[in-house]
Amino acid sequence: MTHALTNLQTMLMLRSFFVAASLIGSLWVSGCASVAMASEAPGASNIGFVLYTKGYAPGTLYARWMYTNKYKGPGIATGGPKEGFAGHYHVRYFYDSGEFSDEYDLIIEKTGDVYNVSWITNGKVSAVGVGMEVGNDLAVGWRRVAD
(Lines give C-alpha, C1' and ligand atoms only; values in the text may rest on other atoms or scores of the structure.)
Protein backbone atom coordinates (compact mmCIF):
# COMPACT_ATOMS: atom_id res chain seq x y z
CA MET A 1 0.00 0.00 0.00
CA THR A 2 2.91 2.38 0.75
CA HIS A 3 4.21 1.91 -2.80
CA ALA A 4 0.76 2.68 -4.24
CA LEU A 5 0.49 5.78 -2.03
CA THR A 6 3.93 6.96 -3.17
CA ASN A 7 2.94 6.47 -6.82
CA LEU A 8 -0.31 8.39 -6.24
CA GLN A 9 1.57 11.24 -4.53
CA THR A 10 4.10 11.38 -7.38
CA MET A 11 1.30 11.38 -9.95
CA LEU A 12 -0.55 14.20 -8.14
CA MET A 13 2.67 16.22 -7.82
CA LEU A 14 3.40 15.86 -11.54
CA ARG A 15 -0.19 16.78 -12.39
CA SER A 16 0.05 19.89 -10.18
CA PHE A 17 3.29 20.88 -11.90
CA PHE A 18 1.81 20.54 -15.38
CA VAL A 19 -1.34 22.45 -14.42
CA ALA A 20 0.79 25.22 -12.90
CA ALA A 21 3.00 25.39 -15.97
CA SER A 22 -0.08 25.56 -18.22
CA LEU A 23 -1.62 28.37 -16.17
CA ILE A 24 1.61 30.34 -16.15
CA GLY A 25 2.05 29.85 -19.91
CA SER A 26 -1.52 31.00 -20.56
CA LEU A 27 -1.05 34.09 -18.44
CA TRP A 28 2.26 34.84 -20.12
CA VAL A 29 0.67 34.72 -23.55
CA SER A 30 -2.31 36.86 -22.49
CA GLY A 31 -0.20 39.26 -20.47
CA CYS A 32 2.67 39.95 -22.86
CA ALA A 33 1.35 43.46 -23.40
CA SER A 34 0.94 44.10 -19.67
CA VAL A 35 2.70 46.98 -17.97
CA ALA A 36 5.52 45.88 -15.66
CA MET A 37 5.66 47.11 -12.09
CA ALA A 38 7.56 50.36 -11.62
CA SER A 39 10.06 48.60 -9.36
CA GLU A 40 10.74 45.88 -11.95
CA ALA A 41 13.11 46.22 -14.88
CA PRO A 42 11.52 46.64 -18.30
CA GLY A 43 10.64 43.30 -19.81
CA ALA A 44 9.77 41.66 -16.48
CA SER A 45 7.13 38.98 -17.00
CA ASN A 46 4.50 40.31 -14.53
CA ILE A 47 3.37 36.72 -13.95
CA GLY A 48 2.88 35.00 -10.64
CA PHE A 49 1.61 31.72 -9.33
CA VAL A 50 0.15 30.70 -5.99
CA LEU A 51 -0.93 27.32 -4.65
CA TYR A 52 -3.50 27.47 -1.85
CA THR A 53 -3.92 24.51 0.50
CA LYS A 54 -6.74 24.31 3.03
CA GLY A 55 -5.51 24.86 6.58
CA TYR A 56 -6.47 22.88 9.64
CA ALA A 57 -8.60 25.75 10.98
CA PRO A 58 -11.82 26.31 8.99
CA GLY A 59 -11.60 29.38 6.72
CA THR A 60 -7.80 29.27 6.55
CA LEU A 61 -5.64 28.73 3.46
CA TYR A 62 -1.90 28.20 3.39
CA ALA A 63 -0.18 29.71 0.38
CA ARG A 64 3.01 29.01 -1.52
CA TRP A 65 3.57 31.86 -4.01
CA MET A 66 6.03 33.14 -6.58
CA TYR A 67 6.27 36.27 -8.73
CA THR A 68 8.39 36.34 -11.88
CA ASN A 69 11.47 34.24 -11.27
CA LYS A 70 12.66 36.51 -8.49
CA TYR A 71 10.30 36.44 -5.48
CA LYS A 72 8.68 33.57 -3.57
CA GLY A 73 7.57 32.44 -0.17
CA PRO A 74 4.73 31.29 2.08
CA GLY A 75 1.52 33.03 3.04
CA ILE A 76 -1.65 32.59 5.05
CA ALA A 77 -5.22 33.62 4.23
CA THR A 78 -7.78 33.84 7.05
CA GLY A 79 -11.45 34.70 7.49
CA GLY A 80 -12.74 32.58 4.62
CA PRO A 81 -15.64 30.14 4.47
CA LYS A 82 -15.70 26.94 6.50
CA GLU A 83 -15.84 24.83 3.31
CA GLY A 84 -14.55 25.25 -0.21
CA PHE A 85 -12.27 27.96 -1.58
CA ALA A 86 -14.73 30.61 -2.80
CA GLY A 87 -15.07 33.51 -0.39
CA HIS A 88 -13.46 36.61 1.09
CA TYR A 89 -10.16 36.37 2.98
CA HIS A 90 -7.43 38.55 4.41
CA VAL A 91 -4.07 37.27 3.17
CA ARG A 92 -0.50 38.01 4.26
CA TYR A 93 2.51 36.91 2.21
CA PHE A 94 6.12 36.52 3.30
CA TYR A 95 9.43 35.94 1.55
CA ASP A 96 11.31 32.68 2.09
CA SER A 97 13.58 34.63 4.46
CA GLY A 98 10.56 35.16 6.75
CA GLU A 99 10.43 38.89 5.97
CA PHE A 100 6.94 40.33 5.38
CA SER A 101 6.06 40.94 1.70
CA ASP A 102 2.46 42.12 1.18
CA GLU A 103 -1.09 41.83 2.46
CA TYR A 104 -4.40 42.04 0.64
CA ASP A 105 -8.11 41.44 0.82
CA LEU A 106 -8.46 38.30 -1.26
CA ILE A 107 -11.65 37.49 -3.16
CA ILE A 108 -12.06 34.03 -4.67
CA GLU A 109 -15.13 33.46 -6.85
CA LYS A 110 -16.11 30.17 -8.47
CA THR A 111 -17.72 30.01 -11.91
CA GLY A 112 -18.23 26.41 -13.01
CA ASP A 113 -14.86 24.68 -12.65
CA VAL A 114 -12.88 27.94 -12.83
CA TYR A 115 -11.96 30.36 -10.06
CA ASN A 116 -11.57 34.11 -10.59
CA VAL A 117 -9.29 35.65 -7.98
CA SER A 118 -8.70 39.31 -7.05
CA TRP A 119 -6.22 40.85 -4.64
CA ILE A 120 -7.47 44.19 -3.26
CA THR A 121 -5.44 46.98 -1.61
CA ASN A 122 -7.19 50.06 -0.20
CA GLY A 123 -10.33 49.21 -2.17
CA LYS A 124 -8.50 48.93 -5.51
CA VAL A 125 -7.72 45.74 -7.44
CA SER A 126 -3.95 45.18 -7.35
CA ALA A 127 -3.81 41.80 -9.08
CA VAL A 128 -6.11 39.34 -10.86
CA GLY A 129 -5.84 35.65 -11.54
CA VAL A 130 -7.53 32.48 -12.68
CA GLY A 131 -7.34 29.11 -11.05
CA MET A 132 -8.58 25.58 -10.80
CA GLU A 133 -8.70 22.87 -8.19
CA VAL A 134 -5.90 20.35 -8.42
CA GLY A 135 -6.45 17.53 -5.97
CA ASN A 136 -7.31 19.26 -2.68
CA ASP A 137 -5.50 22.49 -3.62
CA LEU A 138 -6.32 25.62 -5.59
CA ALA A 139 -3.71 26.49 -8.25
CA VAL A 140 -3.84 30.13 -9.42
CA GLY A 141 -1.89 31.99 -12.08
CA TRP A 142 -1.99 35.76 -11.64
CA ARG A 143 -0.67 39.13 -12.79
CA ARG A 144 -0.54 42.61 -11.33
CA VAL A 145 -2.83 45.18 -12.92
CA ALA A 146 -1.67 48.59 -14.13
CA ASP A 147 -2.38 51.50 -11.80
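Here the structure is a predicted model, which means the values were calculated and not measured. (Residues numbered from 1 in each chain as written. Predicted model: local features only at pLDDT ≥ 70, side-chain atom pairs only at ≥ 80, totals over all residues. Heavy atoms only, no water.)

*Asks:* Residues and numbers for a nonpolar patch on the surface, please.
*Replies:* A surface patch of nonpolar side chains, amounting to about 370 Å² of accessible area, comprises Tyr56, Tyr62 and Ile76. Along the chain, Tyr56 turns up in the loop between strand 1 (48-54) and strand 2 (61-67). Taking the relative accessible area as the measure of exposure, Tyr56 reaches 81% and is therefore exposed. (Patch = residues over 30% accessible without salt bridge, like charges linked within 9 Å, V, L, I, M, F, W, Y side chains within 5 Å. Areas by Shrake-Rupley, 256 points an atom, 1.4 Å probe, with all protein chains shown as cover. Salt bridge = Lys/Arg side-chain N within 4 Å of Asp/Glu carboxyl O. Helix = DSSP H or I, 4+ residues; strand = E, 2+ residues; numbered from the N terminus. Buried < 20%, exposed > 50% of the residue type's maximum accessible area, 1.4 Å probe, protein only.)

*Asks:* Could you give me a rundown of the sheet that holds strand 1, with the residues and numbers involved?
*Replies:* Read once around its circumference, the closed barrel built from 8 strands follows the order 1-2-3-4-5-6-7-8, with strand pairing classed as antiparallel. Neighbour to neighbour, the strand axes of the sheet diverge by 30° on average, direction disregarded. Bridge count between strand 3 (residues 71-78) and strand 4 (residues 87-94): 4 bridges; the pairing is antiparallel. When the bridges of strand 4 are listed, Ile76 appears paired with Arg92. (Pairing = 2+ DSSP bridges. Axes fitted to C-alpha atoms, helices over the stretch in contact; angles between N-to-C directions.)

*Asks:* Describe the nonpolar core, with residues and values.
*Replies:* Within the largest apolar cluster, 21 residues are counted, with the highest numbers of intra-cluster contacts made by Val50, Tyr52, Tyr93, Leu106, Ile108 and Trp119. Those elements that provide at least two residues to this core are strand 1, strand 2, strand 4, strand 5 (100-111), strand 6 (114-121) and strand 8 (137-144). The element contributing the most residues to this core is strand 2, with 4 residues. (Core = buried A, V, L, I, M, F, W, Y, C linked by side-chain atoms within 4.5 Å.)

*Asks:* Go over the packing of aromatic side chains, please, and point to the residues and values.
*Replies:* Per the stated rule, a full pass over the model turns up 8 aromatic pairs. Measuring from ring centre to ring centre gives 5.1 Å for Tyr67 and Trp142, while their planes differ by 15°; the resulting arrangement is stacked. Of this pair, Tyr67 sits in strand 2 while Trp142 sits in strand 8, and the two are 75 residues apart along the sequence. The pair Tyr67 / Trp142 is uniform in exposure class, with both members buried. Each member of the aromatic cluster is reached from another via a ring pair, and the members are Trp65, Tyr71, Tyr93, Tyr95 and Tyr104. Above the face of the Phe85 ring, Lys54 is positioned so that its terminal group lies 4.8 Å from the ring centre. Arg144 extends its terminal NZ or CZ atom over the ring of Tyr67, reaching a point 5.1 Å from the ring centre. (Phe/Tyr/Trp six-rings, centres within 6.5 Å; stacked < 30°, edge-to-face > 60°. Lys NZ or Arg CZ within 6 Å of the ring centre and 35° of its normal.)

*Asks:* Got a sec to walk through the pairing of strand 8? Specific residues and values, please.
*Replies:* Here strand 8 lies mainly inside the structure; 7 of its 8 residues are buried. Judged from the 6 bridges that link them, strand 1 and strand 8 form a sheet pairing that is antiparallel. The residue of strand 8 that forms the bridge with Tyr52 is Leu138. Summarising the sheet, strand 7 (residues 124-134) and strand 8 pair through 8 bridges and their orientation is antiparallel. Bridging across to strand 8, Val128 finds its partner in Arg143. Hairpin connection of strand 7 to strand 8: 2 residues between the antiparallel strands, including Gly135 at a positive phi of 65°.

This is a description of form; function is not addressed.
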